[in-house]
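Each chain is listed here by its residues.
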Amino acid sequence: MPRTTDITVPDLTGTLAVVTGASDGIGRVIATRLAQAGADLVMPVRSAAKGETAAARIRDLAPASRVDVRSFDLSSLDSVAAFTDTLRTEGRPVDILVNNAGVMNPPSRQTTADGFELQFGTNHLGHVALTLGLLPLLREGKARVTHQTSIAARSAGINWDDLQWERSYDVMKAYSQSKLAVGLFARELDARSRAEGWGISSTVSHPGVSPTNLLSAQPGLGRPRDTTEVRVIRLLSRLGVVGTPETAALPALLAATDPSARADELFGPKRQIGGAPARSGLWKPLRDMDAARRLWDVSVDLVGARFAV
């Protein structure tokens, strides 16, 4: 895979972009590229120190862009509500929202502050609450909302009888469910936007495979050392078999900024695990709009009335 793979991001001067997970990895690449194209940037992050370090790097590379770091924890609905309330009070329309952050494969079943299974609650429900909480600003900005799914969703299903995996926990199936849920929510958001005239364009992207921190040592998650998987992925990335954070960020950037990108599309690497970014046919689990509508209703009920549309 050529290391020169890239896209041209159009001029984004005067726009406001919100990117979750922008303090490292793919998210930081996405945020940096948007800022370099002229967008003002809001970085909602859990670790203020990590966020400020990343923001300083982005400011060095994009000195003309305004970069704001905000306190935010996807695994806490109170934190999400505080963030969205603040942005709505400030009143600036949001032009681009990239729902990129996530967690993967905790060593044992864990829950969010609100009692949801950690991966479903963070990857999916946290972004549901964020998107719905920002809906007035997204509508005003006629925003492009890009949702980062995973190739793990290609053969995933929704465990409707036990969404929180309380009875028989399978960490990888729970992760795959959470990322399928991200994609189904994205599709239903676009369908509702078209039906209700919200003016929001919702797209789905996936990064393929690259050496990010999802499987790295994270003591706060209960993972004291890097997993074998991430060590193998780093080797494959050096050999050019899979992507780098820089190339893995490109599908989301394409989905979020390409003027020709249509709503309700999936973007990913041409070879799935790596390669140049391109439009991709929707995977079979993502084509189930009955499941998308059902998931929307269940998710809105779970995040609560303060995020109601």
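An unreviewed UniProt entry lists the protein chain under the name SDR family NAD(P)-dependent oxidoreductase, from Labedella gwakjiensis.

> Explain the overall build of the protein chain to me, please; I cannot follow it from the model alone.
Of the regular secondary structure elements, the protein chain holds ten helices and eight strands. Of the contacts made within the protein chain by residues no fewer than 6 positions apart, 75% connect residues no fewer than 24 positions apart. Element-wise, carbon and sulfur atoms account for 50% of the exposed surface of the protein chain, whose accessible area totals about 12700 Å².

> Explain the pattern of salt bridges to me, please; I cannot follow it from the model alone.
Oppositely charged side chains are able to pair whenever their charged atoms sit close together. The tally for this structure, following the rule as stated, stands at 16 salt bridges. For arginine 33, the salt bridge is made with aspartate 6, and the minimal N-O distance between the two is 2.9 Å. Taken together, the residues span a long stretch of sequence, with arginine 33 in helix H1 (residues 25-36) and aspartate 6 in the segment before strand E1 (16-19) at a distance of 27 residues. Overall, the relative accessible area of 19% leaves arginine 33 in the buried class.

> Looking at this structure, I do not really get the packing of aromatic side chains. What am I missing?
The relation between two aromatic rings is expressed through the spacing of the ring centres and the mutual angle of the planes. The tally for this structure, following the rule as stated, stands at two aromatic pairs. Aromatic side chains phenylalanine 185 and tryptophan 296 sit 5.1 Å apart centroid to centroid with 15 degrees between the ring planes, which places their arrangement in the stacked category. Here phenylalanine 185, found in helix H6 (residues 171-196), pairs with tryptophan 296, found in helix H10 (residues 289-303); they are 111 residues apart in sequence, far enough to count as distant. Sitting above the plane of the tryptophan 160 ring, arginine 294 keeps its charged end 4.0 Å from the centroid.

> How do you make sense of the nonpolar core when you look at a structure like this?
Note on soluble globular proteins: their nonpolar side chains tend to be buried together. Judged by nonpolar contacts, the single largest core of 53 residues is most densely connected at Leu138 and Phe307. For this core, the secondary-structure elements that each account for two or more residues are E1, helix H3 (77-90), helix H4 (118-133), helix H5 (135-140), H6 and H10. Among the elements that make up this core, the one with the highest residue count is H10 (seven residues). In this view, phenylalanine 307 contacts Leu77, Val80, Ala81, Thr84, Ala129, Leu132 and Gly133; residues no more than four positions away in its chain are not counted. Core analysis: the next-biggest nonpolar cluster, separate from the first, contains 35 residues, Ile7, Ala31, Ala37 and Ile58 among them.

> I would appreciate a short explanation of the environment of leucine 295 in the present structure.
Within the element layout of this structure, leucine 295 appears in helix H10. Leucine 295 sits in the buried class, given a relative accessible area of 1%. Ignoring anything within four residues of it in the chain, the contact list for leucine 295 reads Phe120, His124, Trp160, Ala181, Leu184 and Phe185.

> I would appreciate a short explanation of the packing of H1 against helix H2 (residues 48-61) in the present structure.
For any two helices packed against each other, the geometry comes down to the angle between their axes and how far apart the axes lie. Where H1 meets H2, the axes come as close as 9 Å, and the angle between the chain directions of the two elements is 35 degrees. Where H1 crosses over H2, the handedness of that crossing is right-handed. Contacts between H1 and H2 involve Arg28, Ala31, Thr32, Ala35 and Gln36 from the former and Ala54, Arg57, Ile58 and Leu61 from the latter. In the contact of H1 with H2, the residues fall into five nonpolar, two polar and two charged.

> What should I look at first to understand unusual backbone geometry in this one?
In this model, lysine 142 sits at a positive phi of 45 degrees, which is unusual for a non-glycine residue. If you trace the backbone, lysine 142 turns up in the loop between H5 and strand E5 (144-148). When its relative accessible area of 62% is taken as the criterion, lysine 142 is described as exposed. With a phi close to 65 degrees, aspartate 264 is a non-glycine residue in the positive phi region. Here aspartate 264 shows up in the loop between helix H9 (250-257) and strand E7 (266-269).

> Even after reading the chapter, I still don't get the side chain of threonine 257, so can you show me in this structure?
Examined against the element boundaries, threonine 257 turns out to sit in helix H9. Given the relative accessible area of 8%, threonine 257 is considered buried. A polar contact is formed between the side chain of threonine 257 and the backbone oxygen of leucine 253, at a distance of 2.7 Å.

Rules used in this analysis
- Residues numbered from 1 in each chain as written.
- Predicted model: local features only at pLDDT ≥ 70, side-chain atom pairs only at ≥ 80, totals over all residues.
- Heavy atoms only, no water.
- Helix = DSSP H or I, 4+ residues; strand = E, 2+ residues; numbered from the N terminus.
- Contact = heavy atoms within 4.5 Å.
- Areas by Shrake-Rupley, 256 points an atom, 1.4 Å probe, with all protein chains shown as cover.
- Salt bridge = Lys/Arg side-chain N within 4 Å of Asp/Glu carboxyl O.
- Buried < 20%, exposed > 50% of the residue type's maximum accessible area, 1.4 Å probe, protein only.
- Phe/Tyr/Trp six-rings, centres within 6.5 Å; stacked < 30°, edge-to-face > 60°.
- Lys NZ or Arg CZ within 6 Å of the ring centre and 35° of its normal.
- Core = buried A, V, L, I, M, F, W, Y, C linked by side-chain atoms within 4.5 Å.
- Axes fitted to C-alpha atoms, helices over the stretch in contact; angles between N-to-C directions.
- Left-handed = near helix turned anticlockwise from the far one by under 90°.
- Nonpolar A, V, L, I, M, F, W, Y, C, P; charged D, E, K, R; others polar.
- Polar contact = N/O pair within 3.5 Å; in protein donor to acceptor, adjacent residues only side chain to side chain.

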